[in-house]
Amino acid sequence: MKIIIVGNGGHSRVIQEMISSTKANKIIAILDDKYEHGFQEKGIIHAPISFLVRLFRPDTKVVVAIGRNDVRKKIVKGLNLLPQHYLSIIHPSAIVSASAKIGYGTVIMPQAVINAEAEIGNHCIINTGAIIEHDNEIGDYTHVSPNATLTGNVSTGEGVHVGSSATIIPGIHLGRWSVIGAGSTVIEHIPAYSKAVGSPTRIIERILMK
Ligand SMILES: CC(=O)SCCNC(=O)CCNC(=O)[C@H](O)C(C)(C)COP(=O)(O)OP(=O)(O)OC[C@H]1O[C@@H](n2cnc3c(N)ncnc32)[C@H](O)[C@@H]1OP(=O)(O)O
C-alpha cells in the first residue's frame, strides 16, 4: 500500500518505523510545512502539505502523524479527504479485542491493549503500552499517552489528552479537549476544556481553544 504521512516530528518518526516494518507498505511522501519546496530523500518525497493534491491517488492512504490533538484536527479538516483515504495503524505487538472498534486515521502503538467492546474514535493516538479497558468510548482526536490506564467504562470527549502513566478509575468521563497531567489519578468526571493534575486530580486551568 502506498502511504503519505503528514507531519514529520517525533510522533511521525515512530509511525514511519511502524509502517516501514511491514513490507506491504511503502511510504511515498512525508509532508510537512517546515519544507519550503519538494525534494527526494531515500526515494521518499519530502514536501509542504500543499503537495498532497498532486501526490494523492485513489489507492493512496494518508496518516496525519502529528502529536498535538488540536493541530492534528486542524490539518485533517484542511485536507478534506474521505474517511476511507485514511489509514489506521495497529502495531503487531498491540493487543486489540475482536469486539473493539478502531476509527479511521487512528494509530495504536506497540504493546497497547484495547479490551472488549471498547470504541476508539477517528484520528486518535493510543500510545505505547497504554491500556484502554472494556467498554471505553474514546472521542475523535484523543491522545492516550504511554502507559496511561483507562479502566472499564471510561469515556472521553473529542481531543482529550491523557498524560503518560495517568490512571482513570471506572465510569469516569473526561470532557472534550480536557488535559490530564502525567501520573495523575482521576476519580471524578473532568469538565470540558479543563486541565487537571495530581492524585487525585485538581483542576488547575480552563483551556481556551484558539
Ligand atoms: C511519546 C510521548 O512523549 S507522548 C506525550 C506524553 N506527554 C505527557 O504525558 C505530558 C503531560 N503533561 C503534563 O503532565 C503537564 O505538566 C501538564 C500539561 C498537565 C501541565 O502543564 P503546564 O500547563 O505547563 O503546567 P505547569 O507546569 O505550569 O504546572 C502548573 C501546576 O500544576 C502542577 N503539575 C503540572 N503537571 C503535573 C502533573 N503531571 N502532576 C501533578 N502536578 C502537576 C505543577 O507542579 C504546578 O503546580 P503549582 O502551581 O502548585 O506550582
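Reading the values: the criteria
Residues numbered from 1 in each chain as written. Predicted model: local features only at pLDDT ≥ 70, side-chain atom pairs only at ≥ 80, totals over all residues. Domains from an automatic or database assignment. Contact = placed C-beta atoms within 7 Å. Helix = DSSP H or I, 4+ residues; strand = E, 2+ residues; numbered from the N terminus. Nonpolar A, V, L, I, M, F, W, Y, C, P; charged D, E, K, R; others polar. Pairing = 2+ DSSP bridges. Core = buried A, V, L, I, M, F, W, Y, C linked by C-beta atoms within 7 Å. Buried ≥ 20, exposed ≤ 12 C-beta atoms within 10 Å, placed from the backbone. Near = placed C-beta within 6 Å.

Engineer: It is not clear to me how the domain arrangement of the protein chain should be interpreted in this structure. Could you clarify?
Structural biologist: How big an interface is tends to be expressed through the accessible area that disappears when the partners come together. Parsing the protein chain into structural domains produces domain 1 (2-85) and domain 2 (89-204). A separation of 24 Å is found between the C-alpha centroids of domain 1 and domain 2. Contacts between domain 1 and domain 2 engage 13 residues on the former and 13 residues on the latter. Breaking the side of domain 1 that touches domain 2 down by element, the ones donating at least two residues are α1 (10-20), β5 (60-64) and α3 (69-79). Ranked by the residues each element gives to the side of domain 1 that touches domain 2, the list is headed by α3, at five residues. Of the residues that constitute the side of domain 1 that touches domain 2, the class distribution is eight nonpolar, two polar and three charged.

Engineer: What should I look at first to understand the sheet that holds strand β12 (residues 125-126) in this one?
Structural biologist: The strands making up a sheet associate through backbone hydrogen bonding, with each pair oriented either parallel or antiparallel. The strand order β6-β9-β12-β15-β18-β21-β23-β24 describes an open sheet built from eight strands, whose pairing is mixed. The two strands at the open ends of the sheet, each matched to only one other strand, are β6 (89-90) and β24 (202-206).

Engineer: Please explain the nonpolar core as it appears in this structure.
Structural biologist: Here is a general trend for soluble globular proteins: nonpolar side chains tend to be buried in one another's company. Ranked by size, the top nonpolar core spans 51 residues in total, and within it Val63, Ile108, Ile126 and Ile132 carry the most contacts. Residue assignment for this core shows that the elements contributing at least two residues are β1 (2-6), α1, β2 (26-31), β5, β9 (107-108), β12 and β21 (179-180). No other element matches β1, which puts four residues into this core. Looking at this core, you find at least three residues from each of domain 1 (2-85) and domain 2 (89-204). When near neighbours in sequence (up to four residues on either side) are disregarded, Val63 contacts Ile3, Ile5, Ile15, Tyr86, Leu87, Ile89 and Gly105.

Engineer: Help me out: how do you make sense of the site of the ligand in this one?
Structural biologist: The environment of the ligand is formed by 14 residues, the closest being Ser145, Gly163, Ser164, Gly181 and Val197. Grouping the amino acids of the shell around the ligand by side-chain chemistry returns five nonpolar, eight polar and one charged.

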